Amino acid sequence: MSQPDDRSETRLRVSSEAVHQRRRRAAGAGALALAAFVVWGIASLGGGSSSSAPADAFASRIQAIGGIGSGSLLAKVTKVDEAAIDSVLVTTPYIVKGGGEKKAVALTFDDGPSEYTPRVLAILRNQGVSGTFFSLGGLISTFGPNSVSARDAGNVIADHTWSHPQLPTLSIGEQQSEINRTSAAITALGLDAPRLFRPPYGAYDQATLAAAKKKKMLLVLWDVDSLDWSRPGVDAIVNNVLSQVQSGSIILMHDGGGPREQTLAALPRIIEGLRTRGYSMVTVPRLLAEDPPRAGETPPPVGAGA
Ligand code: ZN
């Protein structure tokens, strides 16, 4: 449902409710270990004297530092986020939402980078929130600088294949190529290798999982679809999000793949509405660090006859 041709969405798409129930039954030992690590990681970010600095000063320090260098604050943030991803990957190869224990959600943007990406970034920057951008490798040669700007502003760049295919129709080699070429294009920009992957249309099979595992990537699906790709009107996009959102939600929007004026008009209202409802908006890795899915859940059966 992330694109016009998403209407035949595969049945491999995970039911968030099923995941939720498995999560409820799951033990929390891994989550506790992660929480301990995250507390350590966040405590280490402040670097002593600055640990009591207000949050906006913290953000401006990240902005000021800009690029990732060894020992930079941004690099330390990345390390904590990567540890959160590693911890989740121990228990599941995919997620549809966070743990739901905190009032935090993740805004995600697919099918860029594009000419719309700078305008999305400007809205996020003005509102003081960060997002996660699932990017197409095939667009990076044209719009790559927009991905760099996104990263520099504290957003996360993730992998959404090279050419947006229906992955289950491809061989494992072709699937690996779609994922790996995009990862290489992202790192060629000077960005970290992506650790998050979203299959186009939410469609994947065992070969996709194997290809992602090889690159230590976590599949990130979603539980709230704004349906912005169908351009249903700004009010409808806003309502689609605000009527479905819950703690831990991963919200699907698009910064590419077609005209996105409606998305751009809806985004400030969505952010305002989420804030009014008490939600903070964070990147997917940050959501995993602060509100991880519960440890112990098992992946659904995939690929059988699909
Ligand atoms: Zn897409």
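Residues numbered from 1 in each chain as written. Predicted model: local features only at pLDDT ≥ 70, side-chain atom pairs only at ≥ 80, totals over all residues. Heavy atoms only, no water.

Which residues make up the overall build of the chain, and what values do they have?
Within the chain one finds eleven helices and nine strands. Here the chain holds 306 residues, and the buried ones make up 53% of them. Surface summary for the chain: the accessible area is close to 12500 Å², and the carbon and sulfur share equals 55%. (Helix = DSSP H or I, 4+ residues; strand = E, 2+ residues; numbered from the N terminus. Buried < 20%, exposed > 50% of the residue type's maximum accessible area, 1.4 Å probe, protein only. Areas by Shrake-Rupley, 256 points an atom, 1.4 Å probe, with all protein chains shown as cover.)

I'd like to hear about the coordination of the zinc ion, residue by residue, with values.
The protein atoms donating to the zinc ion are D111 (OD), H160 (NE2) and H164 (NE2), with metal-donor distances spanning 2.0 to 2.1 Å. Within one chain, the residues serving as donors to the zinc ion are arranged as D-x48-H-x3-H. Given the relative accessible area of 12%, H164 is considered buried. (Donors = N, O, S within 2.8 Å, 3.2 Å for Na, K, Ca; no water.)

Account for the packing of helix α9 (residues 234–244) against helix α10 (residues 261–276), with residues named and values stated.
When two helices pack together, their arrangement is captured by the angle between the axes and the distance separating the axes. Between α9 and α10, the shortest axis-to-axis distance is 9 Å and the interhelical angle comes to 35 degrees. Note that α9 runs across α10; the crossing there is right-handed. Listed contacts from α10 to V234, D235, I237, V238, V241 and L242 of α9 are Q262, T263, A265, A266, R269, I270, G273 and L274. (Axes fitted to C-alpha atoms, helices over the stretch in contact; angles between N-to-C directions. Left-handed = near helix turned anticlockwise from the far one by under 90°. Contact = heavy atoms within 4.5 Å.)

Which residues make up the pairing of strand β4 (residues 156–159), and what values do they have?
Burial along β4 is two-sided: V156 and A158 and I157 and D159, pointing in opposite directions, are all buried. Taken together, the four bridges between strand β3 (residues 132–135) and β4 define a ladder with parallel strand orientation. Residue pairing in the sheet places F134 in a bridge with A158 of β4. Note on the crossover from β3 through helix α6 (residues 137–152) to β4: the handedness is right-handed. (Pairing = 2+ DSSP bridges. Right-handed = clockwise from strand over helix to strand, strands pointing away.)

I'd like to hear about the pattern of salt bridges, residue by residue, with values.
In total, this model carries seven salt bridges according to the counting rule given. Here D81 and R286 are joined by a salt bridge, their closest N and O atoms 2.9 Å apart. One end of the pair, D81, is in helix α4 (residues 73–91); the other, R286, is in helix α11 (residues 284–290), and 205 residues separate them in sequence. The same class applies to D81 and to R286, which are both buried. (Salt bridge = Lys/Arg side-chain N within 4 Å of Asp/Glu carboxyl O.)

Which residues make up the packing of aromatic side chains, and what values go with them?
Following the criterion strictly, the structure yields one aromatic pair and no others. Both rings, one in F109 and one in F133, keep their centres 5.0 Å apart while their planes meet at 25 degrees; by these two values the pair is stacked. Pair noted here: F109 is in strand β2 (residues 104–112) and F133 is in strand β3, with a separation of 24 residues, a long-range link. Judged by relative accessible area, which is 0%, F109 ranks as buried. Residue F133 is classed as buried on the basis of its relative accessible area, which comes to 2%. Between R198 and the ring centre of F134, over which it is positioned, the NZ or CZ distance is 4.3 Å. (Phe/Tyr/Trp six-rings, centres within 6.5 Å; stacked < 30°, edge-to-face > 60°. Lys NZ or Arg CZ within 6 Å of the ring centre and 35° of its normal.)

Before we move on, can you summarise helix α5 (residues 117–127) with the specific residues and values?
A turn of α-helix holds 3.6 residues, and therefore any two residues three or four places apart point the same way. Every buried residue belonging to α5 is among T117, V120, L121, I123 and L124, and all of these are buried. Taken around the axis of α5, the buried residues stretch over an arc of 160 degrees, which confines them to a single face. (Arc of directions from axis to C-beta.)

Residue-level account of α6, with values.
With 16 residues, α6 extends only 19 Å from end C-alpha to end C-alpha; this falls clearly short of the ideal 22 Å at 1.5 Å per step. The largest bend in α6 is about 95 degrees, located at F143, with the proline P145 one to four residues further on. Listing the buried residues of α6 in full gives G137, I140, G144, N146, S147, A150 and R151. Phi turns positive, to about 95 degrees, at G154, one or two residues after α6. (Expected span 1.5 Å × (residues − 1). Bend = angle between axes of the 7 residues up to and from the residue.)

An account of the environment of W229 is requested, with residue identities and associated values reported.
You can see W229 is positioned in the loop between β7 (224–225) and α9. Look at W229 and you get buried, because its relative accessible area is 15%. For the pair formed by W229 and L252, sequence separation is 23 residues and the distance between their alpha carbons is 9.8 Å.

Any chance you could break down the confidence of the model for the chain for me, citing the residues and the numbers?
Looking at the chain, pLDDT values average 80 and 71% of them are 70 or higher. Within the model, the stretch residues 1–71 combines pLDDT values under 50 with 115 contacts to residues more than four positions away or in other chains. This stretch, residues 301–306, has a pLDDT under 50; its non-local contacts, to residues over four places away or in other chains, come to nine contacts. (pLDDT = per-residue confidence, 0-100.)

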